[in-house]
Amino acid sequence: MGIRFILMVNKQGQTRLAQYYEWLTLEERRALEGDIVRKCLARNEQQCSFVEHSNYKIVYRRYASLFFLVGVDNDENELAILEFIHLLVETMDRHFGNVCELDIMFHLEKAHFMLEEMVMNGCIVETSKSNILSPIQLMEKTS
C-alpha cells in the first residue's frame, strides 16, 4: 500500500477533509493530525515539501489557503505524490472553479467522492480528470 492518508487543512491548522486508508483509532488520528499539521505549517516556503514523521513520509503542498498533506510509506516516490496532489487540485478546480476552503466545507461529500474515484485502498487508480468527474456530473444531472 502506498498512500496511508490524505488531509486537507487550512492555514489555522483545522482539518477540513481527512481520508484514511489504514485503520487508526480516533485518538491516534487526532494525535497524528496534530503532530503532522504542526510540523508542516511551521515550515517556510524555502524548505522542501517532504517531512518524515514516525513511520510515514509526509508530502504536502499549499494551494491558496489550503494545505494538502499526503502520508505515504517511506519507499514511495515523493515527486509522484506531489503530482497526485496537483492532479487532485486541478480536478477540484475544474469542478468547483478555483477550489477554496469553503468549497471543501460545503461540498465535503463531493470532495470525498473525487478522492474515492482517484484512490482505492491506498493506491492511485484513476488519473483522468474527466473520468473522475463524470460520475459526479451524472449525479448532479439526476438530482
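Note that the coordinates shown come from a computational prediction; the quantities given were computed from them, not determined experimentally.

*Asks:* Outline the packing of helix 4 (residues 108-118) against helix 5 (residues 129-142), supporting the account with residue identities and numerical values.
*Replies:* Running from amino to carboxyl end, helix 4 crosses helix 5 at an angle of 140 degrees, the nearest separation of the two axes being 9 Å. It follows from the interaxial angle that helix 4 and helix 5 lie oblique. Here the hand of the crossing between helix 4 and helix 5 comes out right-handed. On the side of helix 4, the interface is formed by Lys110, Phe113, Met114, Glu117 and Met118, while helix 5 contributes Asn131, Ile132, Leu133, Pro135, Ile136, Met139 and Glu140. Of the residues contributing to the contact of helix 4 with helix 5, the split by class is 8 nonpolar, 1 polar and 3 charged.

*Asks:* Any details on the sheet that holds strand 2 (residues 15-20)? Residues and values, ideally.
*Replies:* On the basis of which strands lie adjacent, the open sheet formed by 5 strands has the order 2-1-5-4-3 and antiparallel pairing. Strands with a single pairing partner mark the edges of an open sheet, and in this sheet they are strand 2 and strand 3 (50-53). For this sheet, the mean inter-axis angle between neighbouring strands, taken without regard to orientation, is 20 degrees. In terms of strand pairing, strand 1 (residues 3-10) meets strand 5 (residues 66-72) through 7 bridges, oriented antiparallel. The residue bridging Phe5 from the neighbouring strand is Gly71, located in strand 5. Contacting strand 1, strand 3, strand 4 (56-63) and strand 5, helix 2 (residues 78-96) runs over the sheet at an angle of about 40 degrees to strand 4. Across the sheet, helix 4 lies against strand 1 and strand 2, angled at about 35 degrees from strand 2, the strand it touches most.

*Asks:* Describe the UniProt feature "domain: AP complex mu/sigma subunit" (unreviewed entry) in the protein chain, naming the residues involved and giving the relevant values.
*Replies:* Sites flagged by UniProt as "domain: AP complex mu/sigma subunit" (unreviewed entry) map to residues 3-141. Along residues 3-141, the helical share is 47% and the strand share 27%, with 32 Å between the first and last C-alpha atoms.

*Asks:* How would you sum up the environment of Met120? Please name residues and give values.
*Replies:* Locating Met120 in the fold gives a position in strand 6 (residues 119-120). With 109 residues separating them in the primary sequence, Met120 and Lys11 have C-alpha atoms 28 Å apart.

Rules used in this analysis
- The written sequence of each chain sets the order in which its residues are numbered from 1.
- Under the rules for a predicted model, residues below a pLDDT of 70 receive no local features and side-chain atom pairs below 80 are neither given nor counted, while totals for whole chains, interfaces and linings still include all residues.
- Heavy atoms throughout the structure, all of them, feed into the side-chain values; hydrogens and water do not.
- Axis geometry follows a simple rule: fit a line to the C-alpha atoms, using only the stretch in contact for helices, then measure angles between N-to-C directions, giving values from 0 to 180 degrees.
- Strands are runs of DSSP state E lasting at least 2 residues, helices are runs of H or I lasting at least 4, and numbering of each runs from the N terminus.
- An angle below 35 degrees is read as roughly parallel, one above 145 as roughly antiparallel, one from 65 to 115 as roughly perpendicular, and any other as oblique.
- By definition, any crossing whose near helix is turned counterclockwise from its far helix by less than a right angle is left-handed, and any crossing with a clockwise turn is right-handed.
- When checking whether two residues touch, look at their non-hydrogen atoms; a contact exists if any pair is within 4.5 Å.
- Any residue outside Ala, Val, Leu, Ile, Met, Phe, Trp, Tyr, Cys, Pro, Asp, Glu, Lys and Arg is labelled polar, Gly included; the first ten of those are nonpolar and the last four are charged.
- Paired strands, in this sense, are two strands between which DSSP finds at least two bridges.
- UniProt positions are given in the numbering used here, feature names are shortened, and annotations may be inferred rather than shown by experiment.

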